[in-house]
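As a plain string of letters, each chain reads:
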Amino acid sequence: MFERWIDIVAMCTGLPMSAPACRPFWENVMYASAALGLLLAGWAIWKFIDYRLKYAAALRAQAERERVADPETMKQHTWVEPADIAADVTDPHLAQKIRDELEQRRRQNLRG
């Protein structure tokens, strides 16, 4: 069967496309080429649409990240460190230990 196909391909590539014996072969080649072209065009259109959808989603996400809340809302979510957390501790040794630890953590946070 494969030998027959090879013989037909070899014969029809040497003859003109209008030869009656080669007409079915060239019709099949044209249909296969058209189908392959349509598949490639469909794939390219699909990728273009997919890219545009992802790009639009990325733009929306970027706009949402850049949006800042009004000052009243920001005040509700801002944490202000009290002047002295250790002031409520009655033991002076423990209060000093808490202050030292907080200072050490503050320095670590400043360094990154």
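Structure report, in brief. (Residues numbered from 1 in each chain as written. Predicted model: local features only at pLDDT ≥ 70, side-chain atom pairs only at ≥ 80, totals over all residues. Heavy atoms only, no water.)

Looking now at the overall build of the protein. On a plain count of helices and strands, the protein comes out with 4 helices and 0 strands. N-terminal to C-terminal, the α/β element order of the protein is α-α-α-α. Over its C-alpha atoms the protein spans a radius of gyration of 38 Å, topping by over 25% the 13 Å that the globule rule assigns to 112 residues. The dimensions of the protein, computed from C-alpha atoms along their principal axes, are 110 × 35 × 20 Å. Across the 112 residues that make up the protein, the buried fraction comes to 6%. Of note, the protein has its 15 positive side-chain charges centred 5 Å away from the centre of its 15 negative side-chain charges. (Helix = DSSP H or I, 4+ residues; strand = E, 2+ residues; numbered from the N terminus. Rg over C-alpha atoms; globule rule 2.2 N^0.38 Å. Buried < 20%, exposed > 50% of the residue type's maximum accessible area, 1.4 Å probe, protein only. Lys, Arg positive; Asp, Glu negative; His and termini not counted. Charge placed at Lys NZ, Arg CZ, Asp CG, Glu CD.)

Enumeration over the complete set of coordinates arrives at 5 salt bridges. Here E101 ties to R105 by a salt bridge, and the two come within 3.1 Å at their closest N and O atoms. Of this pair, E101 and R105 are both found in helix α4 (residues 92-111), 4 residues apart, which corresponds to roughly one turn of the helix. Judged by its relative accessible area of 48%, R105 falls in the partly exposed class. Taken together, the shared-partner salt bridges in this structure form one network comprising E103, R106 and R107. (Salt bridge = Lys/Arg side-chain N within 4 Å of Asp/Glu carboxyl O.)

A few words now on a nonpolar patch on the surface. There is a patch of nonpolar side chains on the surface, built from I45, F48, I49 and L53 and spanning about 430 Å² of accessible area. For F48, the location among the structural elements is in helix α2 (residues 23-66). (Patch = residues over 30% accessible without salt bridge, like charges linked within 9 Å, V, L, I, M, F, W, Y side chains within 5 Å. Areas by Shrake-Rupley, 256 points an atom, 1.4 Å probe, with all protein chains shown as cover.)

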